[in-house]
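Chain residues, written in single-letter form:
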Amino acid sequence: MELQPASQPHGYPPAGQGGQGYPPSGQGYPPSGKEYPPSGQGYPPSGQGYPPSGQGYPPGGQGHSYPPSAGQGYPPSNQGPSASVPSNPTNAPQGAADDSTMQPFEPPPGFLDNIPGYDSITFDDIPLLPPKEDDGSRGVEPKNRTPFAVAKAISQEEAKAALVEYVNSNCCYGKAAAQEMAISNMTATTAFRYTLETFTEMRATAWAQVPFTGNEPLDTSMNGQAPQPWDIPIMAKEKFKTEKRQMEVPHTASVKPCHKCQGSGTVVCATCHGQGTAQCSNCSGKGNQTVGAETHPCTFCNGSGRKDKCGTCSGTGRAKCAQCKGYRQLKWFVQLTVTWTNHVLEFIPERTSLPDAEVKQATGQVAFEEENPWLYPVNHAPDPSIIKASADLIEKQKKAFPNERQLLQRQKIYIIPVTQATCQWKESPFSFFVFGLENRVYSSDYPQQWCCGCTIL
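Below is a summary of the structure that appears in this document.

Cut-off values and rules
Residues numbered from 1 in each chain as written. Predicted model: local features only at pLDDT ≥ 70, side-chain atom pairs only at ≥ 80, totals over all residues. Heavy atoms only, no water. Helix = DSSP H or I, 4+ residues; strand = E, 2+ residues; numbered from the N terminus. Buried < 20%, exposed > 50% of the residue type's maximum accessible area, 1.4 Å probe, protein only. Contact = heavy atoms within 4.5 Å. Areas by Shrake-Rupley, 256 points an atom, 1.4 Å probe, with all protein chains shown as cover. Pairing = 2+ DSSP bridges. Salt bridge = Lys/Arg side-chain N within 4 Å of Asp/Glu carboxyl O. Core = buried A, V, L, I, M, F, W, Y, C linked by side-chain atoms within 4.5 Å. Phe/Tyr/Trp six-rings, centres within 6.5 Å; stacked < 30°, edge-to-face > 60°. Lys NZ or Arg CZ within 6 Å of the ring centre and 35° of its normal. Expected span 1.5 Å × (residues − 1). Arc of directions from axis to C-beta. Polar contact = N/O pair within 3.5 Å; in protein donor to acceptor, adjacent residues only side chain to side chain.

A closer look at the overall build of the chain
Here is step 1 of the chain: Along the backbone of the chain there are four helices and 15 strands.
Here is step 2 of the chain: Taking all 457 residues of the chain together, 40% fall into the buried category.
Here is step 3 of the chain: Sequence separation of at least 24 residues holds for 82% of the intrachain contacts in the chain that already meet a minimum separation of 6.
Here is step 4 of the chain: In the structure as shown, the chain presents an accessible area of about 24400 Å², 50% of it carried by carbon and sulfur atoms.

Things to note about the pairing of strand β8 (residues 294-297)
A regular strand places its side chains on the two faces of the sheet in alternate fashion.
Here is step 1 of the chain: Bridge analysis of strand β7 (residues 288-291) against β8 gives four bridges, and the strand direction is antiparallel. Bridge pairing in β8 places T290 opposite T295.
Here is step 2 of the chain: Where β7 folds back onto β8 in an antiparallel hairpin, the turn is made up of two residues, including G292, whose phi is positive at roughly 65 degrees.

Observations regarding the pattern of salt bridges
Here is step 1 of the chain: Inspection of the entire model under this criterion finds twelve salt bridges.
Here is step 2 of the chain: The salt bridge involving E346 is made with R193; its shortest N-O contact spans 3.3 Å. Placement of the pair is E346 in strand β11 (residues 329-347) and R193 in strand β2 (residues 182-211), with a sequence separation of 153 residues.
Here is step 3 of the chain: Here E197 and R410 are joined by a salt bridge, their closest N and O atoms 2.8 Å apart.

Some points on the side chain of T195
Here is step 1 of the chain: For T195, the position within the fold is in strand β2.
Here is step 2 of the chain: Given the relative accessible area of 9%, T195 is considered buried.
Here is step 3 of the chain: Those residues in contact with T195 that sit more than four places away from it in its chain are L345, E346, R410, Q411, K412 and Y414.

Structural notes on the nonpolar core
Here is step 1 of the chain: Counting residues in each nonpolar core, the largest one holds 25 residues, and the members touching the most others are Y118, F199, W207, V249, V334 and W340.
Here is step 2 of the chain: Elements supplying a minimum of two residues to this core: β2, β11 and β13 (405-425).
Here is step 3 of the chain: By residue number, the principal contributor to this core is β11, which donates six residues.
Here is step 4 of the chain: Not counting residues up to four positions away in its chain, the partners in contact with W207 are L112, D113, I115, I121, T122, F123, T252, W332, F333 and V334.
Here is step 5 of the chain: Counting residues in each nonpolar core, the second largest holds 18 residues, with L163, V167, C423 and W425 among its members.

Examining the packing of aromatic side chains
Here is step 1 of the chain: The full count for this structure, using the stated rule, is seven aromatic pairs.
Here is step 2 of the chain: With centroids separated by 6.0 Å and ring planes inclined at 70 degrees, the aromatic side chains of F123 and W332 adopt a geometry described as edge-to-face. One end of the pair, F123, is in the segment before β1 (126-127); the other, W332, is in strand β11, and 209 residues separate them in sequence.
Here is step 3 of the chain: Residue classification places F123 among the partly exposed residues on the basis of a relative accessible area of 29%.
Here is step 4 of the chain: The structure contains a cluster of three or more aromatic residues connected by ring pairs, namely Y166, Y173, F430, F432 and Y446.
Here is step 5 of the chain: The ring of F333 carries the charged tip of K331 above its face, separated from the ring centre by 5.5 Å.

Topic: helix α4 (residues 384-398)
Here is step 1 of the chain: The end-to-end C-alpha distance of α4 is 22 Å, a good match for the 21 Å that 15 residues give at a rise of 1.5 Å each.
Here is step 2 of the chain: Burial in α4 covers these residues: I386, A389, S390, L393, I394 and Q397. Here the buried residues of α4 occupy an arc of 125 degrees about the axis, which is enough to place them on one side. Opposite the packed face of α4, turned more than 90 degrees from it, sit the exposed residues P384, K388 and K396.

With respect to the environment of V249
Here is step 1 of the chain: With respect to the element layout, V249 can be found in the loop between β3 (243-248) and β4 (254-257).
Here is step 2 of the chain: By relative accessible area, which is 0% here, V249 ends up buried.
Here is step 3 of the chain: Apart from residues no more than four positions distant in its own chain, V249 is found in contact with Y118, A226, P227, I232, V334 and L336.

Topic: helix α1 (residues 156-168)
Here is step 1 of the chain: With 13 residues, α1 should cover 18 Å at 1.5 Å per step; its first-to-last C-alpha distance of 18 Å lies within 8% of that length.
Here is step 2 of the chain: Taken residue by residue, α1 has A159, A162, L163 and V167 as its buried positions. Taken end-on, α1 shows its buried residues confined to a sector of 130 degrees, consistent with a single buried face. For α1, the exposed residues lying more than 90 degrees away from the buried face are E157 and E165.
Here is step 3 of the chain: Contacts from the buried residues of α1 go to α2 (176-180), β2, β14 (428-435) and β15 (440-442).

Quick word on the environment of T316
Here is step 1 of the chain: Its place among the elements puts T316 in the loop between β9 (306-309) and β10 (318-320).
Here is step 2 of the chain: Taking relative accessible area as the criterion, T316 reaches 13% and is therefore assigned buried.
Here is step 3 of the chain: Reaching out from T316, the side chain makes a polar contact with the backbone oxygen of R318 at a distance of 3.1 Å.

A word on unusual backbone geometry
Here is step 1 of the chain: Even without a glycine there, the phi angle at R328 is positive, about 75 degrees.
Here is step 2 of the chain: The residue R328 is located in the loop between β10 and β11 in this model.
Here is step 3 of the chain: Of note in the backbone geometry, K426 takes a positive phi value of approximately 55 degrees without being a glycine.
Here is step 4 of the chain: With respect to the secondary-structure elements, K426 resides in the loop between β13 and β14.
Here is step 5 of the chain: Residue K426 is classed as exposed on the basis of its relative accessible area, which comes to 61%.

So this is what it looks like as structure tokens:
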């Protein structure tokens, strides 16, 4: 897939503003008191409609009008989307294809205008290389970082109450062991979960088209040169949230005759294939029917296999063109697709026998959080494996998204309180974990477990 480099290198934040985040401090999405586009700078600019006053299509004084005269309006006179179709399907223009598919029908090469800066554009979205980042946008490694919070331990009474509640909610666990057990030892520890979020933006362009009714404004190249994709101001509604938006690139619109129906507004009916009649329901289109051992011409359709008018085209053999919706004209423009993606990586140190899947589901306390356009690895975590994971994951993300511009990164360390209780019930020793701020419970050797139809273990 061919990639198009951006025209001007300007990173996030701009060069010379190294400490500035995305967006700069105090400027939300969009900055307070502002909108996109800025007030008075929309498309078209205030007081400058499309086309500009006194500049029709084409501008006056060029000896011909747009659309051409002689009854070829937009749509042509008396031939809007509900225009009648030819009574004789054989009079259809050559090349008016069967409308049996709703897939877009691409025009021939050279059909569309050449727009400066969009020479490689196709009918499929092509990701565009983002502007080159300036080294100054990465800022300086922070010296003083927020200290870590401490997880709160629980008592034996709280641990037993959590187990009883868990057993009561599980139909495959017996209640007696939880109610009658004796706790011999409790060990409090902490599980950690490290997350790294990388918020990126990708831009892609492609040709797009919609039926042209003649009533909508046109923002053509006569209003100015089309801006380059990465120069168009558009921002995410919310940071660290995946989102996709599409917009028309200013000054790229044009009107062309529909290439699928060759400007007729109709195509060969896909139901009857231009015959104007429907398949006979009595003989299923065969033209004959078998009675006993004898075969006779169908009495309903007189052996033709077809009867009555086609319900799709009312017997004309022609149907409304799905590409232009019968308007005969298409508005073409360059469509910009902007995709914001939040890439999340996670690391859980092995500190207890509690499965990682359980740790992921638990609610933890945010012990450390840091957000910047470019992050530096954590260097003061209580577990050395988190420091290494932070460095490895941040380095990994630097080259992970070559077609996307990095806007923001955020790293968090969650502390999850974990208490392991060693217990005895009758002759059965077992243990269980109470973890998370919501006091979740996990036990792999609870003595009263059974499956439906089985006896108690």
